[in-house]
Amino acid sequence: MLDAPTTPALRIDAETPADAPAIEALVLAAFGPGRFAKTAERLRERAAVVAGFVARDGERLLGSVRLWSIAIDGRPALFLGPIAVAADNRKAGLGAELVQACLGRAAEAGLGVLLVGDAPYFGRFGFTAAPEVRLPGPVDPRRLLWRGDRQPVGAVTARS
């Protein structure tokens with residue numbers, strides 16, 4: 001009797017250094033080279049990575065996200081992004097699973113999370129507008145969102 005073939009289960013894992021080329025390819029495919037001109041990217045260039053998560057199906061990398069070390073008016077916080085999911089796996093809930101992994105890590109650290117994104121999407125995770133936060137460059141204020149104990153006020157700086 002032949003055994004039925006098995007398919008590796010989709011899983012969310014911590015990012016490893018070996019994942020870097022696949023992550024860069026995912027992010028480039030999702031956002032294109034224009035991402036380098038965005039304020040969020042400028043902030044990430046100077047911030048330390050606190051955690052990175054990937055979605056895998058066997059050996060194939062399907063998605064990624066990172067948390068970055070920042071401060072808002074001198075208080076430690078985390079900056080989430082970018083979230084990138086392979087085009088053929090969007091709408092499958094992977095982005096939400098990656099966000100949940102980040103929120104779990106933020107809760108462990110006792111830190112709030114800032115991001116630039118769509119309020120209708122991120123609202124389901126408890127993110128709300130952060131009108132009193134200033135990034136070090138232009139950003140649509142409607143897309144600057146916060147999840148944490150109290151609304152932050154002040155300028156965002158990268159922490160390395």
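What counts, and at which threshold
Residues take numbers from 1 onward in each chain, read along the sequence in its written order. Residues qualify for local features only when their pLDDT is at least 70, as the model is predicted, and side-chain atom pairs are given and counted only at 80 or more; totals for whole chains, interfaces and linings, by contrast, use all residues. To obtain the side-chain values, all non-hydrogen atoms of the structure were used and water was disregarded. A run of H or I in DSSP becomes a helix once it reaches four residues, and a run of E becomes a strand once it reaches two; helices and strands are each numbered from the N terminus. For the exposure calls, accessible area comes from a 1.4 Å probe over protein chains only, and a residue counts as buried if that area is under 20% of its type's maximum, exposed if over 50%, partly exposed in between. For the purposes of these results, a polar contact is taken to be a pair of N or O atoms within 3.5 Å, where, inside protein, one atom must be able to donate a hydrogen and its partner to accept one; residues adjacent in sequence count only when each atom of the pair is a side-chain atom. What makes a salt bridge here is a side-chain nitrogen of Lys or Arg within 4 Å of a carboxyl oxygen of Asp or Glu, nothing more. By definition in these notes, contact holds between two residues if any of their heavy atoms fall within 4.5 Å.

Describe the side chain of D19, naming the residues involved and giving the relevant values.
Within the secondary structure layout, D19 lies in the loop between β1 (10–14) and α1 (20–31). Judged by its relative accessible area of 7%, D19 falls in the buried class. Side-chain polar atoms of D19 contact the backbone nitrogen of T16, separated by 2.8 Å. Only 2.8 Å separates the side chain of D19 from the side chain of R56, close enough to count as a polar contact.

Please set out the pattern of salt bridges residue by residue, giving values where relevant.
Taken as a whole and assessed by the stated rule, the structure comprises 10 salt bridges. Residue E108 is joined to R105 by a salt bridge in which the shortest nitrogen-to-oxygen separation is 3.5 Å. Highlighted residues: E108 and R105, both in helix α3 (residues 94–109), separated by 3 residues, approximately one helical turn. Here E108 falls in the exposed class, since its relative accessible area comes to 66%. In this structure, R143 engages D118 in a salt bridge whose closest nitrogen and oxygen atoms are separated by 2.3 Å. On the criterion of sequence distance, the pair formed by R143 in the loop between β8 (133–134) and β9 (144–147) and D118 in the loop between β6 (113–116) and α4 (119–122) is long-range, its members being 25 residues apart.

Residues and numbers for the side chain of S69, please.
Mapped onto the fold, S69 is located in strand β3 (residues 60–72). Judged by relative accessible area, which is 12%, S69 ranks as buried. Look past the residues within four positions of S69 in its chain and what remains in contact with it is A47, A48, V50, A77, A158 and R159.

If you had to explain the environment of A155 to someone new, which residues and values would you point to?
With respect to the helices and strands, the residue A155 is situated in strand β10 (residues 154–158). In this structure the C-alpha to C-alpha distance between A155 and E132, which are 23 residues apart in sequence, comes to 8.6 Å.

Keep in mind these values describe shape, not function.
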